[in-house]
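# Survey of secondary and tertiary structure
The chain contents come next:
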Amino acid sequence: MTHQEPHTDPQVEQLLSTIETHAKNVRRQAALLELVDNLAASAKHRPLWPYWAGIAAAACMALVLAVRQNDAPQMAMNTAQPPVATMHEDHAIDAASGIPQKAAQEKHSDTDPISIPQPVPAQAPSSPEEVYAFSETESGIRVYCENQCNADEVVAHMEEIVRLSIAAL
Amino acid sequence: MAASCDYQSEKNSATSMTSEQFKAIILRHQPAMQRMAESLLHNEADAEDAVQEAVIQLWQQREGLDKVTGTEAYCIAIVKRRCIDLLRKRHVTLPVDEHLCDPPPDDTEESYEKALSMVRRLPPQQQQAILMKYEELQSSEEIARRLHISLPNLYTTLSRAYTTLRELLRKENE
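Residues numbered from 1 in each chain as written. Chains lettered and ligands numbered in written order. Predicted model: local features only at pLDDT ≥ 70, side-chain atom pairs only at ≥ 80, totals over all residues.

### Points about the overall build of chain B
Rules: Every helix listed is a DSSP run of H or I at least four residues long, and every strand listed is a run of E at least two residues long, numbered separately from the N terminus. Three exposure classes are used, all based on how many other C-beta atoms lie within 10 Å of a residue's own C-beta (placed from the backbone): buried at 20 or more, exposed at 12 or fewer, and partly exposed between those limits. In this description, a residue-residue contact is defined by the distance between C-beta atoms placed from the backbone, which must lie within 7 Å.
Of the regular secondary structure elements, chain B holds 7 helices and 0 strands. Reading the helices (α) and strands (β) of chain B from amino to carboxyl end gives α-α-α-α-α-α-α. Here chain B holds 174 residues, and the buried ones make up 24% of them. In chain B, of all internal contacts separated by at least 6 residues, the share reaching a separation of at least 24 is 58%.

Here you go:
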C-alpha cells in the first residue's frame with residue numbers, strides 16, 4: 001500500500017468527528033428503535049394459551065384431589081395398621097404410675113380393649129367386575145400416590161389389591 | 001372470550017402508548033448513554049451492546065419510568081451498571097470515576113449542523129467524498145467506486161478537502 005490516507009489538523013478532525021459521531025448515533029438510534037419495536041411486538045403477541053393451560057391444570061388437580069378425598073375412607077380401611085412403638089417409647093416412664101409407658105399401656109389395654117387400634121378388614125369385592133373396577137380405581141390413585149406418598153404406602157396399596165383379587169377369585 | 005379480547009386490546013393500546021413515550025426517552029438520552037458506555041468500555045461495539053442491554057432493562061422497568069425525575073441520570077446509571085457487569089465478567093478493574101476525566105465530546109445537534117454547513121462549502125467532489133466517508137460511513141474502496149475514481153485519486157481529493165476545511169475554519173476563527 002503506497003498510498004496512505006492524509007492526516008488532518010485537530011480542528012478539522014474535531015469537525016469531521018462531529019459528523020461521524022452524529023451519523024453513528026443516527027444508526028444506533030434506528031437500531032434501538034427497532035429493538036423497542038420488537039420488545040413491544042413480543043409483549044403484544046404474547047400467547048394466552050399458557051394462562052388457559054394453567055387454569056386447566058389447576059382444575060385437573062382439584063378434580064384428582066376431590067376423587068382422592070372421596071376414596072380416602074376406603075383407602076384408610078385398606079391400609080390401617082397398628083402403630084409401631086419405638087425403642088424410646090418402650091422405655092419411657094409414665095409420670096403417674098412410675099412404670100414404663102409400654103407396660104402401662106398393656107396394663108390399661110386389659111381393661112379397655114378399644115384403646116388399641118385394630119386393623120379393619122377391607123371390604124372384598126364379590127365379583128370379578130368389582131375386582132376390576134377396584135383395581136382400576138387403585139391404579140388411578142397409584143399414579144398420584146407415587147408422587148405424593150412414600151414407596152411403602154404404594155407397595156401396601158398394591159399388596160392389598162393382589163390380596164383382594166385372590167380372595168374374590 | 002369477549003372478555004379476553006377486551007383485555008388483549010386494552011393491553012395492546014396501553015403497550016403502544018408506552019412504547020412511543022419510551023422511544024422518545026431513549027432517543028433523547030441515547031447520545032449520553034453511548035458516551036458513558038464508550039468512556040467505560042473504550043470500545044464502540046461493546047458500548048453499543050451495553051446500551052442495548054440497558055434499553056432492554058429500561059423497557060422491563062418502563063411502568064415506573066415516567067415517575068422517575070431526571071430520566072437521563074437514571075438511564076446513564078443503568079448503562080453504567082451494565083458496563084460494570086461487563087467489565088466484571090472480563091475481570092477488568094477501572095479507577096473510580098475514570099470517565100469524569102474524559103472531556104465531554106462535542107456531539108450536540110448545533111455543532112453537527114455547524115460542521116455540516118462547513119462541509120457544504122467544499123467543491124462538489126470533495127464534499128461528496130467527505131460526506132460518504134463521515135456521514136454515510138462508507139469504506140474508501142466503496143467511495144472510490146461510487147465516485148468513479150481510483151483510490152490514490154480519492155486520497156488526493158480527501159487531502160484537498162481537509163486543506164480547504166482548515167482554511168475555512170481559520171477564516172471562521174478570525
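### Description of the overall build of chain A
Each helix and strand counted, chain A has 6 helices and 0 strands in total. Moving toward the C terminus, one meets the helices and strands of chain A in the order α-α-α-α-α-α. For chain A, the residues scored as buried account for 8% of the 169 residues in total. Sequence separation of 24 or more characterises 56% of the internal contacts of chain A that already satisfy a separation of 6 or more.

### Concerning the confidence of the model for chain B
All names here are of chain B. Quick reminder of the rule: One confidence number per residue, pLDDT, is output by the predictor and ranges from 0 to 100.
Averaged over all residues, the pLDDT of chain B is 82; the fraction at 70 or higher stands at 81%. Low pLDDT, under 50, characterises residues 1-17; the stretch is placed with 6 contacts to residues that sit more than four places away or in other chains. Model confidence for the complex: the whole-complex pTM is 0.53, and ipTM, which rates the interface, is 0.75.

### A look at the interface of chain B and chain A
Short version of the rule: Any residue outside Ala, Val, Leu, Ile, Met, Phe, Trp, Tyr, Cys, Pro, Asp, Glu, Lys and Arg is labelled polar, Gly included; the first ten of those are nonpolar and the last four are charged.
Across the boundary between the two partners, chain B contributes 38 residues, which contact 28 residues of chain A. For the side of chain B that touches chain A, the secondary-structure elements that each account for two or more residues are helix H1 (2-41), helix H2 (44-60), helix H4 (109-119), helix H5 (124-135) and helix H7 (151-173) of chain B. Split into classes, the residues belonging to the side of chain B that touches chain A amount to 22 nonpolar, 10 polar and 6 charged.

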